[in-house]
Amino acid sequence: MSKKKIALFLLAAAIAVIGALVLNMRWNNRTRTSGEPAPAGVSELDGEAETTDDGQNDAEAQSGVDDESDDEQDGESSADGESEPENDEQDEEEKVVNEFDDFSDKWNDPSGKEVTMADIDEFKRRFLRVPGHRKGECLQRSLNLLPDDHVMLLAGILLDKSMDKEYLDMVFNDVLNRDEDVKKPILAELYKDKEHPCWADTAWIFDATGETPDGQQGQETEEPAEEAQ
């Protein structure tokens, strides 16, 4: 075989190889753009990569949700723990207030039942148990509802000169607006104690009306001495 024929043979073989490679590249491009299945090796590798990425993303997303859920539960538990003592205090406060109101309400009807010293002491005891910031409203409620027949129930508070002046004034002013036969016995008791915060007002009332409690003397006043002529 001559050298010329050998060269032509090699050239033809090279052209055939190049043509095969070109056809193979075109086939691969067409299968990828048209959605036809890719070669087995390439498809498996891509699937594994996608599965790994999706699984990792799902795991991270689930982990984030779990963390948020745990944080919310911890926050709720913390909030519940902080609110429980406050709720307990409010419940105890309402219980004491309701007990005072319930006892006072038993005397709202003018039934003719006589108020005893035990009743007076019990009314005062329940009142002293009421929290300070609720005392005023509870006492005012009782003053508005108690009839004249049972106003002596307030004597335990009014006659206690160690009681807060605010509450003494509330009861004293209420008593002054009662009927004469109701308020006179209470004012007479006040008049006996000159150290009582309401004594001066009581004495002024007796002087203004020209009456003094039985067996007691009014305020003694000294007349100014006459100047020597």
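Our subject is the structure that appears above.
Every chain is numbered independently, its residues counted from 1 as its sequence is written. Given that the model is predicted, a residue must reach a pLDDT of at least 70 before its local features are reported, and side-chain atom pairs must reach 80 or more before they are shown or counted; all residues, however, enter totals for whole chains, interfaces and linings. Water and hydrogen atoms play no part in the side-chain values, which are based on all heavy atoms of the structure.

Asks: Tell me about the overall build of the chain, and name the residues and values.
Replies: Segments assigned H or I by DSSP are reported as helices when at least four residues long, segments assigned E as strands when at least two residues long, and all are numbered from the N terminus. Looking only at helices and strands, one finds eight helices and zero strands in the chain. In this scheme, a residue with accessible area under 20% of its type's maximum is buried, one over 50% is exposed, and one in between is partly exposed, where area comes from a 1.4 Å probe on protein chains only. Within the chain, the fraction of its 229 residues that count as buried is 25%. Note on contacts: a residue pair is in contact if any heavy atoms of the two residues lie within 4.5 Å. Restricting to contacts in the chain with at least 6 residues of sequence separation, those with at least 24 account for 66%. Note on areas: Shrake-Rupley with a 1.4 Å probe; residue coverage comes only from the protein chains shown. Carbon and sulfur atoms make up 50% of the accessible area of the chain, which amounts to about 16,400 Å² in all.

Asks: Could you give me a rundown of the packing of aromatic side chains, with the residues and numbers involved?
Replies: Aromatic contacts are taken between Phe, Tyr and Trp rings whose centres are within 6.5 Å, Trp giving its six-membered ring; a plane angle under 30 degrees counts as stacked, one over 60 as edge-to-face, and the others as tilted. For the structure on display, the rule yields five aromatic pairs. Measuring from ring centre to ring centre gives 5.5 Å for Phe127 and Tyr167, while their planes differ by 85 degrees; the resulting arrangement is edge-to-face. One end of the pair, Phe127, is in helix α3 (residues 117-129); the other, Tyr167, is in helix α6 (residues 165-176), and 40 residues separate them in sequence. Grouping residues by exposure puts Phe127 and Tyr167 together as buried. Cluster of aromatic residues (ring-pair linked, three or more members): Phe100, Phe123, Phe127 and Tyr167. Consider the ring centre and the ring normal. A charge sits over the ring if Lys NZ or Arg CZ is within 6 Å of that centre and within 35 degrees of that normal. Sitting above the plane of the Phe127 ring, Lys135 keeps its charged end 5.6 Å from the centroid.

Asks: Residue-level account of α6, with values.
Replies: The end-to-end C-alpha distance of α6 is 16 Å, a good match for the 16 Å that twelve residues give at a rise of 1.5 Å each. All of the buried residues along α6 are Tyr167, Leu168, Met170, Val171, Phe172, Asp174 and Val175. The backbone nitrogen of Glu166 lies 2.9 Å from a side-chain oxygen of the residue at the head of α6, namely Asp164. Here, expected helix span is obtained from the residue count minus one, scaled by 1.5 Å. Polar contact criterion, stated in full: a pair of N or O atoms within 3.5 Å, where within protein one must be able to donate a hydrogen and the other to accept it, and residues adjacent in sequence count only if both atoms are side-chain atoms.

Asks: Outline a negative patch on the surface, supporting the account with residue identities and numerical values.
Replies: Among the surface-exposed residues, Asp88, Glu89, Asp91 and Glu92 lie close enough to one another that they form a single negatively charged patch. Here Glu89 lies in helix α2 (residues 40-105). For Glu89, a relative accessible area of 59% translates into the label exposed. Two joining distances apply to patches: 9 Å for like charges and 5 Å for nonpolar side chains (Val, Leu, Ile, Met, Phe, Trp, Tyr), and every residue must have over 30% relative accessible area and no salt bridge. Should a side-chain nitrogen of Lys or Arg be within 4 Å of a carboxyl oxygen of Asp or Glu, the pair is scored as a salt bridge. Charged residues are defined here as Lys and Arg on the positive side and Asp and Glu on the negative side; His and the ends of the chain fall outside this count. In this description, the location of a charge corresponds to atom NZ of lysine, CZ of arginine, CG of aspartate or CD of glutamate.

Asks: Could you give an account of the side chain of Asp174, with specific residues and numbers?
Replies: Here Asp174 shows up in helix α6. Classification of Asp174 as buried rests on a relative accessible area of 14%. Dropping the residues within four chain positions of it, Asp174 is found in contact with Leu143, Val151 and Leu154.

Asks: So what's going on with the nonpolar core? Which residues, and what values?
Replies: One finds Phe123, Phe127, Leu139, Leu154, Ile157, Leu158 and Val171 to be the most contacted residues of the largest nonpolar core, which totals 36 residues. Among the elements of the structure, α2, α3, α4 (132-145), α5 (155-158), α6, α7 (180-191) and α8 (199-209) are those that each provide at least two residues to this core. Counting residues per element, this core draws most heavily on α6, which supplies six residues. Setting aside anything within four residues of it in sequence, one finds Leu154 in contact with Phe123, Leu143, Leu146, Val171 and Asp174. We define the nonpolar core as a collection of buried residues of types Ala, Val, Leu, Ile, Met, Phe, Trp, Tyr and Cys that are connected through side-chain atoms lying within 4.5 Å of one another.

Asks: So, the environment of Leu176: which residues are in play, and what are the values?
Replies: Inspection of the secondary structure puts Leu176 in helix α6. Residues Leu176 and Leu187, eleven residues apart in the sequence, show an inter-C-alpha distance of 8.7 Å.

Asks: Which residues make up the packing of α7 against α8, and what are the values?
Replies: How two helices pack is summed up by the angle between their axes together with the distance between the axes. Inter-axis angles, ranging from 0 to 180 degrees, are taken between N-to-C directions of lines fitted to C-alpha atoms, where helices are fitted over the stretch in contact. Interhelical geometry of α7 versus α8 gives an angle of 120 degrees and a closest axis separation of 9 Å. Classified by the angle their axes make, α7 and α8 are oblique. The hand of the α7/α8 crossing is left-handed. Contacts between α7 and α8 involve Leu187, Ala188, Leu190 and Tyr191 on the former and, on the latter, Trp199, Thr202, Ala203 and Phe206. Each residue gets one of three labels, nonpolar for Ala, Val, Leu, Ile, Met, Phe, Trp, Tyr, Cys and Pro, charged for Asp, Glu, Lys and Arg, and polar for the others, Gly among them. Of the residues belonging to the contact of α7 with α8, the class tally is seven nonpolar, one polar and no charged. Should an angle fall under 35 degrees it is taken as roughly parallel, and over 145 as roughly antiparallel, whereas 65 to 115 is taken as roughly perpendicular and any remaining angle as oblique. By convention, the crossing between two helices is left-handed when the near helix turns anticlockwise from the far helix through less than a right angle, and right-handed when the turn is clockwise.

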